[in-house]
Amino acid sequence: MASHSHREGHQQSHDHEHGHSHAEEDMLSVEEAFQRIMASFSPLEAEEVSLLDCLGQVLAENIRSPLDLPPLSNSAMDGYAVLSADIQGASPESPRNLEVIGLVAAGQGSNQTVVSGAAIRIMTGAPIPAGADAVVPFEETDEVERRQAGRPLDQVAIYSSLPVGVNVRPAGEDVRRGQQVLDAGTPVRPSEIGVMASLGLTSTRVIRRPVVSILATGDELVASGRPLEEGKIFDSNSFSVAGSVVACGGIPRILGIARDNLEDLNNKLTEAAGSDLIVTSAGVSKGDYDIVKDVLTERGDMNFWSVRMRPAKPLAFGHLREDGGRSVPLLGLPGNPVSTMVAFEMFARPAIRIMLGKRILARPMVEGVLTAPIYNADGRRVYARVEVTRKDGMYYANPVGPQGSNILTSMSRANGLAICPDDLPSQGAGEQVQIIMLDWNEEVDV
Ligand code: AMP
Ligand code: MG
């Protein structure tokens, strides 16, 4: 029962290869929908952000080191800085006695020089005194015995024969001055924040986070916290989408609930001005009030698709004109709560990642053994909610129970989506399936 605006939407998609005579032909594969949507996105501009705030963003500049790291050669152990030549052949049976001429702690400079027959007490991280070329750890000296016996500490017996360089961390061992330490395009993890801090930086240029406006539509919706009248349901989509936006690095802007009427919807869409993406939910499936489609069609260049997937078949994508000639991409997700989340996962999340400058768009996938069948009734790729477990080095995909697109708790029980391909009627228990891992870190290209 395609509406007038629904058909118009299709005609606006210029590269549509099929005719409009048959509903099945109007279906897009997940890949086609993905490519058409992603073609509209590119990385956003850079901004200067303090080190503590850039976690998860992507570096927009190459980072070169202004200094050697470590700046000075320093000790890797608490012990005695010595001349290696002085202690050749030393052992517990045949120790070498040295005169202790000083002490150097971390954070101090050292103006003393170690000469033959002498040693300087040195702490981890303290600069190696001139002349010294090895550090003997306390454990390989008579340090403890001497202290316990109350003997003076101006002498030390060395028990081991160490070659030049042992326990000495040379200047520039980690980073040389002028070296490019981090490349533009690198996602910032805690280790990158640490590296930048070690170079003395307090802020860095990263690609800014996209602002994502979120709009729920439907006369039946009530904002949580308000009384629930007969026939109404709480709006969960605004929240699951906002959570998903935060989780993938965007900034959510919740616009609230638009009623299924022209005025309300138009007003709410106007509030999305200035955002980088608008994500709506509901109002795009065939049985709907046509109002969402009508408004979107009127205000922009919109396509209304059926995607060959379950859940989340209906999908709208296009650009909404704003005052001043700017236009904002708009992704219209289906309304059923699981469909909303799965469609976000497949289409909104990668778009947000492109805007963030990420190179890896997809979640990691693993192959696992299905423990109960999943069915594909109508030639659409099935994304079944599964709990993934691991036993004896194998992954298992355990379907979490009823898979209706309204059963939101099934998303909560799942940590993966197991795929039944478009062209297979089912995947049986014991069969190997591909699983999208919803909770895994995607920065690693697996
Ligand atoms: P629709 O696409 O408008 O036909 O909505 C499909 C289903 O999703 C209906 O059962 C709606 O009540 C439900 N739904 C739509 N929006 C939301 C929302 N924001 N939160 C929870 N359920 C919703
Ligand atoms: Mg509705």
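Colleague: Help me out: how do you make sense of the layout of surface pockets in this one?
Modeller: Over the atoms, a rolling probe the size of a water molecule traces out where space has been left empty. Taken as a whole, the largest pocket holds about 720 Å³ of empty space. Lining the largest pocket are 41 residues, and of these Pro 311, Asn 336, Pro 337, Ser 339 and Ser 405 sit closest to its centre. With 4 residues, the single largest contributor to the lining of the largest pocket is strand β24 (residues 381-391). In the lining of the largest pocket, the residues fall into 19 nonpolar, 13 polar and 9 charged. There is about 430 Å³ of room inside the second largest pocket. Taken together, 24 residues make up the lining of the second largest pocket; nearest its centre are Ala 247, Cys 248, Arg 349, Arg 363 and Leu 438. Looking at the lining of the second largest pocket, its residues break down into 9 nonpolar, 6 polar and 9 charged.

Colleague: What should I look at first to understand the packing of aromatic side chains in this one?
Modeller: The description of an aromatic ring pair rests on the distance of the ring centres and on the angle between the ring planes. Under the counting rule described, the total for this entry stands at 4 aromatic pairs. Ring centres of Tyr 80 and Phe 138 lie 5.5 Å apart, and the angle between their planes is 70°; on these two criteria the pair is classed as edge-to-face. On the criterion of sequence distance, the pair formed by Tyr 80 in strand β5 (residues 79-82) and Phe 138 in the loop between β8 (134-137) and α3 (143-148) is long-range, its members being 58 residues apart. Taken as a pair, Tyr 80 and Phe 138 share a single burial class, namely buried. Consider the rings of Tyr 395 and Trp 440, whose centres lie 5.9 Å apart with planes at 70°: the pair is edge-to-face.

Colleague: Would you mind showing me how to read the packing of helix α5 (residues 237-247) against helix α8 (residues 337-355) here?
Modeller: Working note: a packed helix pair is described by the angle between its axes plus the distance between those axes. In contact at an axis separation of 10 Å, α5 and α8 are set at 30° when each is read in the N-to-C sense. Considering the angle they form, α5 stands roughly parallel to α8. Crossing of α5 over α8 shows right-handed handedness. Of the residues in α8, those touching α5 at Asn 237, Ser 240, Val 241, Ser 244 and Val 245 are Pro 337, Thr 340, Met 341, Phe 344 and Ile 352. Looking at the contact of α5 with α8 residue by residue, the classes come out as 6 nonpolar, 4 polar and no charged.

Colleague: Explain the pairing of β5 here, please?
Modeller: The side chains of a regular strand alternate, first on one face of the sheet and then on the other. Of the strand pairs in this sheet, β5 and strand β7 (residues 118-122) are connected by 3 bridges, and their pairing is antiparallel. Bridged to Ala 81 within β7 is Ile 120. Relative to β8, β5 runs antiparallel, the two being bridged by 4 bridges. The residue of β8 that forms the bridge with Val 82 is Ala 134.

Colleague: Before we go on, may I ask you to explain the pairing of β24 in this structure?
Modeller: Bridge count for strand β19 (residues 309-310) against β24 is 2 bridges, and the pairing is parallel. Looking at β24, one finds that Arg 310 is bridged to Val 382. Pairing of β24 with strand β25 (residues 394-399) involves 6 bridges; the strand directions are antiparallel. Along β25, the bridge assignment pairs Thr 389 with Tyr 396. Linkage of β24 to β25, two consecutive antiparallel strands, is achieved through a turn of 2 residues, within which Asp 392 is found at a positive phi near 50°.

What counts, and where the lines are drawn
Residues numbered from 1 in each chain as written. Chains lettered and ligands numbered in written order. Predicted model: local features only at pLDDT ≥ 70, side-chain atom pairs only at ≥ 80, totals over all residues. Heavy atoms only, no water. 1 Å grid on protein atoms, 1.4 Å probe; cavity = no way out; pocket = protein on both sides within 12 Å on 5 of 7 lines; lining within 4 Å. Points joined across faces, edges and corners; volume = space filled by probe spheres on them. Helix = DSSP H or I, 4+ residues; strand = E, 2+ residues; numbered from the N terminus. Nonpolar A, V, L, I, M, F, W, Y, C, P; charged D, E, K, R; others polar. Phe/Tyr/Trp six-rings, centres within 6.5 Å; stacked < 30°, edge-to-face > 60°. Buried < 20%, exposed > 50% of the residue type's maximum accessible area, 1.4 Å probe, protein only. Axes fitted to C-alpha atoms, helices over the stretch in contact; angles between N-to-C directions. Parallel < 35°, antiparallel > 145°, perpendicular 65-115°, else oblique. Left-handed = near helix turned anticlockwise from the far one by under 90°. Contact = heavy atoms within 4.5 Å. Pairing = 2+ DSSP bridges.

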